[in-house]
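A structural walkthrough
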Amino acid sequence: MDTIEKIYGLYKKAYCVTTDSRTITPGCVFVALKGEHFDGNDFALKVAEEGIAAAVIADRKDLPKHERLFVVDDSLKCLQELAKHHREKLGTPIIGITGTNGKTTTKELLSSILSKKYNIIFTQGNFNNQLGVPLTLLRIKPETEMAVVEMGASHPGDIDELTYMGEPNFGIITNIGRAHLEGFGGYEGVIRTKNEMYQYIAAHDGMLFVNHDNELLMGLAKDIKKVTYGTGKDADVQGKILSANPYLSVEWNGKNIDTQLVGDYNFENVMAAICVGTYFKVDANNICEALSSYCPTNNRSQVIETGKNRVVMDAYNANPTSMSHAIKNFRNICSDKNVLILGDMRELGEESEKEHKAIIDLLKELNFQLVFLVGSEFAKVAANSTYFILSDVDKLIRYITLNPISGYDILVKGSNSIHLNKIIDSL
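This one's a predicted model, so the numbers in the text were calculated from it and none came from an experiment.

Some details on helix α13 (residues 352-365)
For α13, built from 14 residues, the straight-helix expectation of 20 Å at 1.5 Å per residue is met to within 8% by its first-to-last C-alpha distance of 20 Å. By the burial criterion, the buried members of α13 are Ser 352, Glu 355, His 356, Ile 359, Ile 360, Leu 362 and Leu 363. Burial along α13 is one-sided: seen end-on, the buried residues are contained in an arc of 160°. Summarising the geometry of α13, the exposed residues directed more than 90 degrees from the buried face are Glu 353, Lys 354, Lys 364 and Glu 365. Of the surrounding elements, those touching the buried residues of α13 are α7 (181-184), α12 (320-333), β16 (338-343), β17 (371-374) and α14 (376-381). Directly after α13, the chain includes Asn 367, whose backbone phi takes a positive value near 60°.

Some words on the nonpolar core
Core analysis: the biggest nonpolar cluster contains 75 residues, and Val 17, Val 29, Tyr 198, Ile 327, Leu 342, Leu 363 and Leu 373 have the highest contact counts within it. Here the element with the most residues in this core is helix α8 (residues 187-203); it accounts for 6 residues. What Val 17 contacts, discounting residues up to four positions off in sequence, is Tyr 11, Cys 28, Val 29, Val 31, Leu 79, Leu 82, Leu 135 and Leu 138. In this structure, Ala 244, Val 282, Ile 287 and Ala 290 belong to the second largest nonpolar core, which totals 38 residues.

Some thoughts on α12
An α-helical turn contains 3.6 residues, so a residue and the one three or four places further along point in the same direction. Between its first and last C-alpha, α12 extends 20 Å over 14 residues, near the 20 Å set by a 1.5 Å rise per residue. Of all 14 residues that make up α12, 10 are buried, and the element is covered over most of its length. Taken as a whole, α12 has its buried residues at Pro 320, Thr 321, Ser 322, Met 323, Ser 324, Ala 326, Ile 327, Asn 329, Phe 330 and Ile 333. Its side-chain oxygen 3.1 Å from the backbone nitrogen of Thr 321, Asn 319 forms the N-cap of α12.

What about the side chain of Gln 302?
Locating Gln 302 in the fold gives a position in strand β14 (residues 302-305). Contact partners of Gln 302, with chain neighbours within four places excluded, come to Pro 296, Thr 297, Val 311, Val 312 and Met 313.

A closer look at the sheet that holds β14
With respect to topology, 6 strands assemble into an open sheet ordered β14-β15-β19-β16-β17-β18, the strand pairing being mixed. At either margin of the open sheet sits one strand with a lone partner, and together these are β14 and β18 (388-390). Averaged over neighbouring strand pairs, the angle between their axes works out to 15° when direction is ignored. Relative to β17, β16 is paired through 4 bridges, and the arrangement is parallel. Of the residues in β17, the one forming a bridge with Leu 340 is Val 371.

A closer look at the layout of surface pockets
Rolled over the atoms, a probe sized like a water molecule indicates the empty space that remains. By volume, the second largest pocket is sized at about 240 Å³. Contributing to the lining of the second largest pocket are 14 residues, with Val 17, Phe 127, Leu 135, Thr 136 and Arg 139 lying nearest its centre. Going through the elements one at a time, β1 (17-18) and α5 (132-137) are the ones with two or more residues in the lining of the second largest pocket. For the lining of the second largest pocket, the class distribution of residues is 7 nonpolar, 5 polar and 2 charged.

Considerations on the packing of aromatic side chains
Throughout the structure, instances matching the rule amount to 13 aromatic pairs. Here the aromatic rings of Phe 170 and Phe 280 are separated by 5.1 Å at their centres, their planes lie at 75°, and the arrangement is edge-to-face. Pair noted here: Phe 170 is in strand β8 (residues 170-173) and Phe 280 is in the loop between α10 (267-279) and α11 (284-293), with a separation of 110 residues, a long-range link. The pair Phe 170 / Phe 280 is uniform in exposure class, with both members buried. Pairing Phe 372 with Phe 388 gives two aromatic rings, centres 4.8 Å apart and planes at 20°, and the pair type is stacked.

About the thresholds
Residues numbered from 1 in each chain as written. Predicted model: local features only at pLDDT ≥ 70, side-chain atom pairs only at ≥ 80, totals over all residues. Heavy atoms only, no water. Helix = DSSP H or I, 4+ residues; strand = E, 2+ residues; numbered from the N terminus. Expected span 1.5 Å × (residues − 1). Buried < 20%, exposed > 50% of the residue type's maximum accessible area, 1.4 Å probe, protein only. Arc of directions from axis to C-beta. Contact = heavy atoms within 4.5 Å. Core = buried A, V, L, I, M, F, W, Y, C linked by side-chain atoms within 4.5 Å. Polar contact = N/O pair within 3.5 Å; in protein donor to acceptor, adjacent residues only side chain to side chain. Pairing = 2+ DSSP bridges. Axes fitted to C-alpha atoms, helices over the stretch in contact; angles between N-to-C directions. 1 Å grid on protein atoms, 1.4 Å probe; cavity = no way out; pocket = protein on both sides within 12 Å on 5 of 7 lines; lining within 4 Å. Points joined across faces, edges and corners; volume = space filled by probe spheres on them. Nonpolar A, V, L, I, M, F, W, Y, C, P; charged D, E, K, R; others polar. Phe/Tyr/Trp six-rings, centres within 6.5 Å; stacked < 30°, edge-to-face > 60°.

Take a look at the structure:
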């Protein structure tokens, strides 16, 4: 019996895997990973002696032999192989989701809908990479009827790796925009990588859910089995925007659905979720209820009434596509008293200066006056503007503390690494 089979046999006692020694529970498999500031192998012997099912370690010949310690060449690869093995054993239907923007929101929405009828598991937070996906797959239990697995990408081949591991039966690309350009070598690299989802589904006779309004996606999905959604009469599932000021309301199937999502750009995420729900025969009233009750978290298009201002907090991530969408939507919903707080868009490589300049041009076109720009990338292209330019969020906090803002509509948008979420207590 090979190592994966042995570990898998132990894993099935509790269907539990963790990479965090602080979350060990009885029967759990602990996979020790080594990072820049930690080494999970340091805790392997301790947790093994506490009676867990198994501990997987790598590159630690100094540890004594123990019946629950499994020494492997690469513990992350072992975790991935274990997840793929598990996926193949159970055969649970899996919906894979990728895309530049909206994949986490779409995952949350359609999971809310599917849970009305099915026993499901879905990606927690944004655990969508080479570590997060196997951990998600290993949360599938025999009673799980369906799994929704978010798959992110920063480099060519990432989606190939994740679909190989997760073997999705169904696939969604929410959209393809200009993000992580540095890692992909340009926009064409983004398209090729996201398209790896469609190519996997096509090669394995799966089913796609495709935005009929998106010409690029429809072109990539040509000759692949699909169900479409959108505004046009040719879409299989049709809807339209009723309002987005500030919350999105949509019409579908003769019903008006009032969501707690900000921005008309969320329409395609809502329609994707509806499309999946109808395909899997979830009751229409349950679909509407799930969409109406879903409330975004984690700084993703949240409207926060601070007592002094109304803040649209969208500081989880930013790229040129999502930044421009957020700014345009904010112009449509904001009052005359408005403020923009924008942080750098990271990982754009050689395209960074051009893309940040395009945002500055958009701000001027839309006639925004009171704008705070945070980060070195914006500083390079906005030096001659009338906007406030600050090197980091702490300087912004100090400025606003000394110059309070009250009675404004405020958009906060930037890459997560800029930490603009720290500003909320000052607004």
